[in-house]
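Chain by chain, the residues:
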Amino acid sequence: MPNKSLKWIYLFVLSIIWGSSFILIKKGLVGLDPLQLGALRILFSATVLLLFGWKSLKKIKKQDWKWIGITGILGTGLPVFLFAFAETEIDSAVVGILNSSVPLLAFIFGILLFGAQFIQRQFIGVLLGLVGAGALIYIGAQINESQNYWYASLVIIAASFYALNVNIIKRHLQEVPAIAIAAGNFVFLIIPAAIILAISGFFDLPVTTDATLQQSIGYIVILSIFGTALAKVMFNKLVQMSNPVFASSVTYLMPIISVMWGLLDGEAFTMLQFIATLIILAGVYIGNSARRKA
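Our subject in this report is the structure included herewith.

The rules behind these values
Residues numbered from 1 in each chain as written. Predicted model: local features only at pLDDT ≥ 70, side-chain atom pairs only at ≥ 80, totals over all residues. Heavy atoms only, no water. Helix = DSSP H or I, 4+ residues; strand = E, 2+ residues; numbered from the N terminus. Rg over C-alpha atoms; globule rule 2.2 N^0.38 Å. Buried < 20%, exposed > 50% of the residue type's maximum accessible area, 1.4 Å probe, protein only. Phe/Tyr/Trp six-rings, centres within 6.5 Å; stacked < 30°, edge-to-face > 60°. Contact = heavy atoms within 4.5 Å. 1 Å grid on protein atoms, 1.4 Å probe; cavity = no way out; pocket = protein on both sides within 12 Å on 5 of 7 lines; lining within 4 Å. Points joined across faces, edges and corners; volume = space filled by probe spheres on them. Core = buried A, V, L, I, M, F, W, Y, C linked by side-chain atoms within 4.5 Å. Expected span 1.5 Å × (residues − 1). Patch = residues over 30% accessible without salt bridge, like charges linked within 9 Å, V, L, I, M, F, W, Y side chains within 5 Å. Areas by Shrake-Rupley, 256 points an atom, 1.4 Å probe, with all protein chains shown as cover. Salt bridge = Lys/Arg side-chain N within 4 Å of Asp/Glu carboxyl O. Nonpolar A, V, L, I, M, F, W, Y, C, P; charged D, E, K, R; others polar.

**Here's the deal with the overall build of the protein**
Now for step 1: Within the protein, the regular secondary structure consists of 13 helices and zero strands.
Now for step 2: Counted from the first residue to the last, the protein has its helices and strands arranged as α-α-α-α-α-α-α-α-α-α-α-α-α.
Now for step 3: Taking 2.2 N^0.38 as the reference for a compact globule, 294 residues should give roughly 19 Å; the C-alpha atoms of the protein span a radius of gyration of 18 Å, in line with that estimate.
Now for step 4: With respect to the three principal axes, the spread of C-alpha positions in the protein is 60 × 50 × 35 Å.
Now for step 5: Looking at the protein residue by residue over its 294 residues, the buried ones come to 54%.

Rendered as structure tokens:
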């Protein structure tokens, strides 16, 4: 299948997987604290990726390992904890919406730090998507006035890390197999995650007897397998077959999924939010319909 068609399939599948990750984090936090959740997510994901991707590590050249380490920290190591802490104060749907700042940040970082070409149509699409996301944030704030929006800064920081990560992959790891990048990331993360899990007090918890805790861990297992391990491989491949702004535009579609899950979980959703969602979709289409090779 031509990359032009395949990249859209990757985009929509990733939007469903990652859009569902915020509700899984919310459910995981019922029995776990943010440090425990983040560490477990890394360790479970590492187990899956290293099990299936261990042989692919041989394809990573010596000079590429530093970039593998950097993308591991920026693309997974720090964000998993930032999102977990953010969701202790902000609804999962709102976190998904805030995360849609990634394409604009990727666009800005790409031009300022990575010499990316300025494309007017792409810029218009990014801004339109951001307007839709901003509308969703504003409406959500009106509906949930009691939430602490200072924690939104954690999501923006994580989004900045994602934006840097996608540009680094495109610039420095274009020729490295997607699964090798993902597996290599966790070579750097597995030991720090194990240390964090140990000092978090997780091993003192009644894992074998507490049903709520067991359920929370189950949600994190699902999140790790699909939302981290599988999604990271797909995302790395998407970056390589397209461009950083297109790949990161998955975060414009994710809020639609996260809001749907939030609605099913009892969170509010209004007609104005639906209109904002349509604006986001229009931004994605316009920004990625420019006539250029991706």
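**Concerning the packing of aromatic side chains**
Now for step 1: A complete count under the given rule lists seven aromatic pairs for this structure.
Now for step 2: Measuring from ring centre to ring centre gives 6.0 Å for Trp65 and Phe188, while their planes differ by 50°; the resulting arrangement is tilted. Placement of Trp65 in helix H3 (residues 65-77) and of Phe188 in helix H9 (residues 178-199) is noted, with a sequence separation of 123 residues between them.
Now for step 3: Exposure remark for Phe188: the relative accessible area of 38% places this residue in the partly exposed category.
Now for step 4: Joined through ring pairs, the aromatic side chains of Trp8, Phe12 and Phe246 make up one cluster.

**Notes on the environment of Ala158**
Now for step 1: Here Ala158 is to be found in helix H8 (residues 152-172).
Now for step 2: Of the residues examined, Ala158 reaches a relative accessible area of 0% and is grouped as buried.
Now for step 3: Linking Ala158 and Ser101, residues 57 residues apart in sequence, is a C-alpha distance of 10.0 Å.
Now for step 4: Not counting the four nearest positions on each side in its chain, Ala158 is found in contact with Pro79, Leu82 and Phe83.

**Focus: the layout of surface pockets**
Now for step 1: Size it by volume and the second largest pocket reaches roughly 240 Å³.
Now for step 2: Along the walls of the second largest pocket sit 16 residues, with Ala116, Gln117, Asn167, Asn243 and Pro244 positioned nearest its centre.
Now for step 3: It is helix H6 (residues 102-113) that provides the largest number of residues to the lining of the second largest pocket, a total of four residues.

**Describing the nonpolar core**
Now for step 1: With 76 residues, the main nonpolar core has Leu14, Leu32, Phe235 and Leu238 as its most contacted residues.
Now for step 2: Leave out the neighbours within four places in its chain, and Leu238 touches Lys7, Tyr10, Leu11, Leu14, Phe246 and Ala247.

**Some remarks on the environment of Phe274**
Now for step 1: Tracing the sequence through the fold places Phe274 in helix H13 (residues 271-287).
Now for step 2: Separated by 180 residues in sequence, Phe274 and Val94 place their C-alpha atoms 14 Å apart.

**Section: helix H12 (residues 250-264)**
Every α-helix winds through 3.6 residues per turn, so residues three or four apart in the chain are directed the same way.
Now for step 1: With 15 residues, H12 ought to run about 21 Å at 1.5 Å a step, and its terminal C-alpha atoms sit 22 Å apart, in line with that.
Now for step 2: Of all 15 residues in H12, 11 are buried, a share of seventy percent or more.
Now for step 3: Taken from the residues just after H12, Gly266 is the one with a positive phi, measuring 100°.

**Some remarks on a nonpolar patch on the surface**
Now for step 1: Residues Met271, Leu272, Phe274, Ile275, Leu278 and Leu281 make up a contiguous nonpolar surface patch of about 580 Å² in total accessible area.
Now for step 2: Inspection of the secondary structure assignment puts Leu278 in helix H13.
Now for step 3: In this structure Leu278 comes out as partly exposed when scored by relative accessible area, which is 44%.

**Details of empty space enclosed by the protein**
Now for step 1: All chains considered together, the criterion is met by three cavities of 30 Å³ or more.
Now for step 2: If you add up the space inside the largest cavity, you get close to 310 Å³.
Now for step 3: Along the wall of the largest cavity there are 24 residues; nearest its centre are Trp18, Arg41, Gly75, Tyr162 and Gly227.
Now for step 4: Elements represented by at least two residues in the lining of the largest cavity include exactly helix H1 (3-28), H3, helix H4 (79-86), H8, helix H10 (211-241) and H12.
Now for step 5: Class assignment for the residues of the lining of the largest cavity results in 12 nonpolar, 10 polar and two charged.

**Focus on the environment of Lys232**
Now for step 1: As for its placement among the helices and strands, Lys232 is situated in helix H10.
Now for step 2: Judged by its relative accessible area of 7%, Lys232 falls in the buried class.
Now for step 3: Beyond its immediate chain neighbours, meaning those up to four positions away, Lys232 contacts Gly75, Thr76, Ala182, Asn185 and Phe186.

**Re the pattern of salt bridges**
Now for step 1: Per the stated rule, a full pass over the model turns up two salt bridges.
Now for step 2: One salt bridge in this structure joins Asp265 and Lys26, with 2.8 Å as the shortest N-O distance. In this pair, Asp265 is assigned in the loop between H12 and H13 and Lys26 in helix H1, connecting sequence segments 239 residues apart.
Now for step 3: Classification of Asp265 as partly exposed rests on a relative accessible area of 28%.

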